[in-house]
Amino acid sequence: MEAREKELPLHRRCRSTLLTHGRRVEKAVVYFHGFTSCPAQGGLFARRFHDLGFNVYLPRMFGHCGLNPRRLSMAEFSVDKLIDLANESVDIAAGLGQQVLVVGLSAGGTIASWVAQNRPDVRQVIGISPFFAPFMLPQQAVKAASELLLKMPNLVIGWNPLANVAAEQIDYPFALPATHALAQIMVLGQHVRAAAKQDAPRACSIGFLLNAADRSVSNKVTHTLVESWQAHGKDVGIEVLPLEHRLPHDIINPFERGNDFERVYVTLLEMILRASS
């Protein structure tokens with residue numbers, strides 16, 4: 001990973017990041033960042049868990065983290081690349097800890113869900129507000145919507161992902177989202193949900209942290225996935241941050257306006273400790 005990234009014009013804070021104690025420890029955690037973000041999103045999360053004795057790995061998602069967001073193309077962003085990232089990251093973490101934990105936010109939560117379905121060597125998976133579909137999209141329209149996006153020209157969405165972040169707190173650029181890349185994440189989610197209908201998930205412990213105030217992703221689709229896993233006899237924990245807290249979609253970046261990272265951190269820690277007991 002390091003050798004590959006040396007050849008790319010990446011921002012200094014946004015390369016794949018590893019926090020270790022210089023040896024293999026009891027637990028290693030992988031954090032998958034969200035779409036258009038970068039490993040720095042999970043910087044405080046990583047430091048907190050590193051302080052608890054974890055080795056922590058924050059991989060960079062394909063096509064992200066360029067010095068100039070317009071120069072690292074997402075044209076080749078694909079389901080296969082997301083799966084490769086998931087497998088490679090878990091393999092790296094297996095060398096860092098006796099037990100592997102996987103956490104992911106939004107698109108990272110979709111990747112984490114794929115890990116939960118497919119990797120028996122993972123001790124625990126926590127998906128945070130996973131992106132299986134946009135908030136207002138009906139479940140029955142997810143497949144058609146992703147297919148339509150992939151048939152249409154690949155458009156770069158002109159949005160400002162920093163609009164909800166205090167500018168002085170962020171010194172790294174966000175990738176500009178492309179519609180085909182967004183559709184590929186949805187397709188990965190469809191693969192997970194289809195597999196879940198047929199087979200039990202393979203990770204030992206699975207949980208989701210959802211945000212009732214989130215207007216970016218569909219929590220209903222996540223609940224449907226959980227129901228499929230429960231039908232196989234799998235106990236899946238769900239924690240929901242209340243609507244009245246009005247938290248933003250990105251509840252991991254402590255600089256996001258309206259965020260309450262301390263509350264989120266405590267909830268995540270409780271979920272991890274509960275699964276370990």
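Computed from a predicted model, the values in this text were never measured in an experiment.

1. Things to note about the overall build of the chain
At step 1: Within the chain one finds eight helices and seven strands.
At step 2: Out of the 277 residues belonging to the chain, those deemed buried represent 55%.
At step 3: Put simply, of all contacts in the chain between residues at least 6 apart along the chain, 78% involve residues at least 24 apart.
At step 4: Split by element, the accessible area of the chain, about 12300 Å² in all, is 52% carbon and sulfur.

2. Considerations on helix 7 (residues 219–231)
At step 1: The terminal C-alpha atoms of helix 7 lie 19 Å apart, and with 13 residues this matches the ideal 18 Å at 1.5 Å per residue to within 8%.
At step 2: Considered for burial, the residues of helix 7 that qualify are N219, V221, T222, L225, V226, S228 and W229.
At step 3: On its buried side, helix 7 packs onto helix 4 (107–118), helix 6 (179–198), strand 6 (205–211) and strand 7 (236–241).
At step 4: Taken from the residues just after helix 7, G233 is the one with a positive phi, measuring 90 degrees.

3. Description of helix 4
At step 1: When the terminal C-alpha atoms of helix 4 are compared, their 17 Å separation across 12 residues agrees well with the 16 Å that a helix rising 1.5 Å per residue should span.
At step 2: The buried count for helix 4 comes to 11 of 12 residues, which makes it a mostly enclosed element.
At step 3: Taken together, the buried positions of helix 4 are A107, G108, G109, T110, I111, A112, S113, W114, V115, A116 and Q117.

4. With respect to the pattern of salt bridges
Working definition: two side chains of opposite charge can pair if their charged atoms are close together.
At step 1: Considering all chains together, one arrives at six salt bridges under this definition.
At step 2: Of the charged contacts, one joins K143 and E147 as a salt bridge, the two residues approaching to 2.5 Å between their closest N and O atoms. Note that K143 and E147 are positioned in helix 5 (residues 142–151) at a spacing of four residues, about one turn of the helix.
At step 3: Under the relative-accessibility criterion, E147 is labelled partly exposed at 35%.
At step 4: The shortest N-O distance in the salt bridge between D260 and R263 comes to 3.0 Å.
At step 5: Residue class for D260 comes out partly exposed when judged on its relative accessible area of 27%.

5. Comments concerning the nonpolar core
At step 1: Membership of the largest hydrophobic core comes to 48 residues, with the highest contact counts inside it found for V102, I111, V115, V122, V125, F208 and W229.
At step 2: Every element with two or more residues in this core is listed here: strand 2 (25–32), helix 3 (79–94), strand 4 (97–105), helix 4, helix 5, helix 6, strand 6 and helix 7.
At step 3: The contacts of I111, once residues within four sequence positions are left out, are F32, M61, L82, L85, A86 and L188.
At step 4: If you look at the next biggest cluster of nonpolar residues, it comprises 26 residues, including F54, V56, L101 and M271.

6. Re the pairing of strand 4
At step 1: Counted residue by residue, strand 4 has seven buried out of nine residues, so it is predominantly covered.
At step 2: Two strands pair when backbone bridges link them, and strand 2 and strand 4 are joined in this way by seven bridges, in the parallel orientation. Considered in strand 4, the bridge of V30 is made with V102.
At step 3: Here strand 4 runs beside strand 5 (residues 124–128); their pairing, made up of five bridges, is parallel. Following the sheet pairing, L105 is matched in strand 5 by I128.
At step 4: Handedness of the strand 4-helix 4-strand 5 crossover: right-handed.

What counts and how
Residues numbered from 1 in each chain as written. Predicted model: local features only at pLDDT ≥ 70, side-chain atom pairs only at ≥ 80, totals over all residues. Heavy atoms only, no water. Helix = DSSP H or I, 4+ residues; strand = E, 2+ residues; numbered from the N terminus. Buried < 20%, exposed > 50% of the residue type's maximum accessible area, 1.4 Å probe, protein only. Contact = heavy atoms within 4.5 Å. Areas by Shrake-Rupley, 256 points an atom, 1.4 Å probe, with all protein chains shown as cover. Expected span 1.5 Å × (residues − 1). Salt bridge = Lys/Arg side-chain N within 4 Å of Asp/Glu carboxyl O. Core = buried A, V, L, I, M, F, W, Y, C linked by side-chain atoms within 4.5 Å. Pairing = 2+ DSSP bridges. Right-handed = clockwise from strand over helix to strand, strands pointing away.

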